[in-house]
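Geometric and topological summary
Each chain, written out:
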Amino acid sequence: MNNNVCEKCGNELYLKNVLEDSYEYCCLSCFDLRPLEKTKSLELCREYIELTKQASLNYLQKFSREMLFYLALNKREMILKEFSDVTNIKVGDILWPTLIIRDCLDKSFNGQGNYSKENLDCLFSYYSEIITAENLLIEIQENYFFLFEDSHELGELVPNSLIIVLNNDRRYRAVPSYRWRYFMEAAETVHFGPSIRKERIIKLINMRVRERQLKKKRIEIQLNRANERKRKQLIRKRSELDEISIAETLEELYNSIYLRYYDEDFLAFREIRREKKILSFIGQIMAVAKERLNHTEQDKKYKKYYYEMSYDEFIHLCSLNSLDFSEMCDMLLSSEMDCKQFPLLIEYGSKILVCPETIKLILSLIRFDFAKCEYKSKLGYLGDDFEEKTIELFESERFSLDHPKNKEQKLVKIKISCIKREIDLLPYNEKYLFVVECKRNSLKPKYIFDYERKNRALGNEGIKDEIENKHLMRIRYFQNNQEEFGFSSIKTVKGLIVTLIKEDIEKYHGVDVVPFSDLQEYIKNYTT
């Protein structure tokens, strides 16, 4: 397992640099560099948040409210329009415009400035800094980052750390603790994590897409020759492939948005998702907006990708769905008097501004969030890749998973009548036999929040229960029955729980609990 403390002084290490396949650590205590107290750090973070918000509002004063609505709504719609896969979507271009829309509803802006690419880039950079500041507050609360007073020496030791500048030119550096490595390992998406690894993630997604396209192509060829019964089976297979594609896109986006912006209420929509009828109603609003936009001529220079719906149209759709107009206004409309966390339908003047592509995305994410298990995603943390990667890693360290008697059978998902539940993996070499259970105790993306950490603590109780009531029994069986099972020589048996991320417990009743990201080093250290 990774040694997360300094060999010289015994203090915890900090994350210095993220490399393509590894990490660099450093001990700041050895250089007599100490972080600020947590209370003081959080106080400075709140000050940083207020400064970034004020700076963004000052910049917004250059523009009129009408111009800002036009820029923000169009930007968000354009990025979502006709995307072919998740790698084409820039999550920032969904987040920043939404925050600008909230400020436009909350404040009055009367500037005369025109928009340009330079102005847009500057505008979005202000809002990017707001999100960075708000995220940092949570990261420090959760001990993922620590705040230091900036110095030349600190800058040389951790040159890639975040610098924040407050009033009176007070400068601080936010340095990630070694724990941040585990978060990044579990949370890698196209839109989150180190840029040095982005190409690898995109390559993996594109490989998945190509594999599905080839499978669909083979199915199409088979369909041309199949009889009626076979055609039904092939059509069902083709439909399943489409479902997987949609599920992976939604899952990637859902996690990317939450990992980019830790605001737990940002995409909650708790009231909306309680009623299927309301989801259907919003879908109808989206369909009407799309149809009107497709059949309305617009000035090409100032084309709007959002629809200005009249109240009469809104009332008519409420009536068609037997929904109360006032209730729907209170629940769905964001206005100057009542701005929602994520403004979906915006009251402006005598119109309701409707963004059909944004609605389509949000409805999809709501449905995904409501019933994740129904989506047949093959991404690692919901599909089988977690176990498969664990197998690959053991095999790369020269462990076998062939059954000692029947070489055609793999020691994966093994069922033994006298043991409760199946055994995930039984990798072995000449000296050691590992009894491995793979546990997805912590599903991303929201475990960075305090309330999710409490859920993880309950999950740790689940790991303890798994070890006490199931895993120790599995271990004892293979300590006593190796010859009966088929092994020609007696091996040292080691119980192991492999988790998706680093948990708060590392060992329980002699069974090691190891995060997948540390597994290879753990195997090397244990077997040498």
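The preceding data block contains the structure.
Residues numbered from 1 in each chain as written. Predicted model: local features only at pLDDT ≥ 70, side-chain atom pairs only at ≥ 80, totals over all residues. Heavy atoms only, no water.

Side note on the overall build of the protein chain
The condition that has to hold: Helical segments are the DSSP runs of H or I of at least four residues, strand segments are the runs of E of at least two, and each set is numbered from the N terminus. Exposure categories follow from relative accessible area, calculated using a 1.4 Å probe and restricted to protein chains: below 20% of the type maximum is buried, above 50% is exposed, and the middle band is partly exposed. The contact rule is simple, with two residues in contact once any of their heavy atoms fall within 4.5 Å.
Counting secondary structure elements, the protein chain contains 17 helices and 15 strands. The principal-axis extent of the C-alpha atoms belonging to the protein chain is close to 80 × 75 × 40 Å. Counting only residues that meet the buried cut, the protein chain has 51% of its 528 residues in that class. For the protein chain, restricting intrachain contacts to residue pairs at least 6 apart in sequence, the fraction spanning at least 24 positions comes to 71%.

What about the packing of aromatic side chains?
Where two aromatic rings form a pair, the distance of their centres and the angle of their planes describe that pair. For the record, the criterion: For Phe, Tyr and Trp, rings pair up if their centres lie within 6.5 Å, where Trp contributes its six-membered ring, and each pair is then called stacked (planes under 30 degrees apart), edge-to-face (over 60) or tilted (otherwise).
Throughout the structure, instances matching the rule amount to 26 aromatic pairs. Taking the centre distance of 6.3 Å and the plane angle of 80° together, the rings of Tyr-311 and Phe-325 count as edge-to-face. Residue Tyr-311 is located in helix α11 (residues 311-320), and its partner Phe-325 is located in helix α12 (residues 325-332); the two are separated by 14 residues in the primary sequence. Plain terms: the ring middles of Tyr-477 and Phe-478 are 5.0 Å apart, the flat faces sit at 85° to each other, and that makes the pair edge-to-face. Phe-478 matches Tyr-477 in its accessibility class, with the two residues each being buried. Site record: aromatic cluster; members linked through ring pairs are Phe-394, Phe-399, Tyr-432, Phe-434, Tyr-522 and Tyr-526.

Here we look at the nonpolar core
Stated precisely, the cut-off is as follows: We call a set of buried Ala, Val, Leu, Ile, Met, Phe, Trp, Tyr and Cys residues a nonpolar core when their side-chain atoms join them within 4.5 Å.
By size, the foremost hydrophobic cluster in this structure holds 81 residues, and its most contacted members are Ile-272 and Phe-314. The next biggest cluster of nonpolar side chains, apart from the first, holds 27 residues, and it includes Leu-44, Ile-140, Ala-174 and Ala-187.

So, the pairing of strand β5 (residues 170-176)
Quick reminder of the rule: Two strands qualify as a pair provided DSSP detects at least 2 bridges between them.
Counting buried positions along β5 yields five of seven residues, so the element is predominantly enclosed. Inspection of the sheet shows strand β3 (residues 145-149) paired to β5 by five bridges, in the antiparallel sense. Within β5, the residue paired with Leu-147 across the bridge is Ala-174. As paired strands, strand β4 (residues 162-166) and β5 are joined by five bridges and run antiparallel to one another. Bridge assignment links Ile-163 to a residue of β5, and that residue is Arg-173. In sequence, β4 turns back onto β5 through a hairpin of three residues, with Asn-168 there showing a positive phi of about 65°.

Let's talk about helix α3 (residues 92-106)
The following threshold applies: A helix is expected to reach a length of 1.5 Å times the quantity of its residues less one.
Along its 15 residues, α3 runs 21 Å from first to last C-alpha, staying within 8% of the 21 Å computed at 1.5 Å per residue. Burial runs high along α3: 14 of the 15 residues are buried.

Side note on helix α4 (residues 117-141)
Over its 25 residues, α4 runs 36 Å from end to end, which matches the ideal 36 Å to within 8%, given 1.5 Å per residue. Looking one or two places after α4, you find Asn-143, whose phi comes out positive at around 65°.

Focus on the packing of helix α10 (residues 276-294) against α11
Under the convention used in this document: Here an angle of 0 to 180 degrees is reported between the N-to-C directions of two axes, which are lines fitted to C-alpha atoms, with helices fitted over the stretch in contact. Oblique is the label for any angle not covered by the other classes, which are roughly parallel (under 35 degrees), roughly antiparallel (over 145) and roughly perpendicular (65 to 115). Each crossing gets its hand from how the near helix is turned against the far one by less than a right angle, where anticlockwise is left-handed and clockwise is right-handed.
Axis separation between α10 and α11 bottoms out at 10 Å; the angle between their running directions is 140°. It follows that α10 is oblique to α11 by the angle criterion. Crossing geometry of α10 relative to α11 is assigned as right-handed. Across the interface between the two elements, Phe-281, Gln-284, Ile-285, Val-288 and Arg-292 of α10 pack against Glu-313, Phe-314, Leu-317 and Cys-318 of α11.

Here's the deal with the sheet that holds strand β6 (residues 307-310)
As summarised here, the arrangement of the four strands in space is β6-β9-β8-β7, forming an open sheet in which the pairing is mixed. Unpaired on one side and paired on the other, β6 and β7 (333-334) mark the two borders of the sheet. Bridge count for strand β8 (residues 345-348) against strand β9 (residues 351-354) is four bridges, and the pairing is antiparallel. Paired with Tyr-348 across the strands is Lys-351, a residue of β9.

Remarks on the sheet that holds β3
One open sheet accounts for three strands, arranged β3-β5-β4; its pairing is antiparallel. The two strands at the open ends of the sheet, each matched to only one other strand, are β3 and β4. The mean angle between the axes of side-by-side strands here comes to 30°, regardless of whether they run parallel or antiparallel. Where α4 meets the sheet, its contacts fall on β3, β4 and β5, and the angle it forms with β3 comes to roughly 105°.

A short note on the environment of Arg-273
Checked against the element boundaries, Arg-273 lands in helix α9 (residues 270-273). Spatially, the C-alpha atom of Arg-273 lies 22 Å from that of Arg-76, the residues being 197 residues apart in sequence. Here Arg-273 is in contact with Ala-268, Ile-366, Asp-369 and Phe-370, once residues within four sequence places are set aside.

Topic: the pattern of salt bridges
The condition is simple: One side-chain nitrogen of Lys or Arg within 4 Å of one carboxyl oxygen of Asp or Glu is enough to make a salt bridge.
Following the criterion strictly, the structure yields 32 salt bridges and no others. Residue Glu-397 is joined to Lys-524 by a salt bridge in which the shortest nitrogen-to-oxygen separation is 3.2 Å. Here Glu-397 is found in the loop between α14 (385-396) and β10 (412-414), whereas its partner Lys-524 is found in helix α17 (residues 519-527), with 127 residues between them in sequence. Among the residues examined, Glu-397 registers a relative accessible area of 18% and is labelled buried.

Re the pairing of strand β13 (residues 492-499)
Looking down a regular strand, the side chains alternate between one sheet face and the other. Burial within β13 is extensive, with seven of its eight residues counted as buried. Of the strand pairs in this sheet, strand β12 (residues 432-439) and β13 are connected by eight bridges, and their pairing is parallel. Residue Glu-437 lies in a different strand from β13, and its bridge partner there is Ile-497.

What to know about the side chain of Ser-177
Take Ser-177: it is sitting in the loop between β5 and α6 (180-187). Those residues in contact with Ser-177 that sit more than four places away from it in its chain are Leu-13, Tyr-14, Leu-15, Asn-143, Tyr-144, Phe-145 and Phe-146.

Description of the environment of Lys-351
Here Lys-351 lies in strand β9. A residue is classified by how much of its surface remains accessible, and Lys-351, at 31% relative accessible area, is partly exposed. When the C-alpha positions of Lys-351 and Glu-503 are compared, they lie 51 Å apart, and in sequence the two are 152 residues distant. Setting aside chain neighbours within four positions, we find Lys-351 in contact with Glu-308, Met-309, Ser-310, Tyr-311 and Ile-346.

Overview of the state of the cysteines
What counts, and what does not: When the sulfur atoms of two cysteines come within 2.5 Å, that pair is taken as a disulfide.
Throughout the structure, instances matching the rule amount to zero disulfides. Unpaired in terms of disulfides, Cys-318 finds its nearest cysteine sulfur in Cys-329, a separation of 6.6 Å. A residue is classified by how much of its surface remains accessible, and Cys-318, at 1% relative accessible area, is buried. With no disulfide partner, Cys-339 has as its closest neighbouring cysteine sulfur the one in Cys-104, 9.7 Å distant. Look at Cys-339 and you get partly exposed, because its relative accessible area is 32%.

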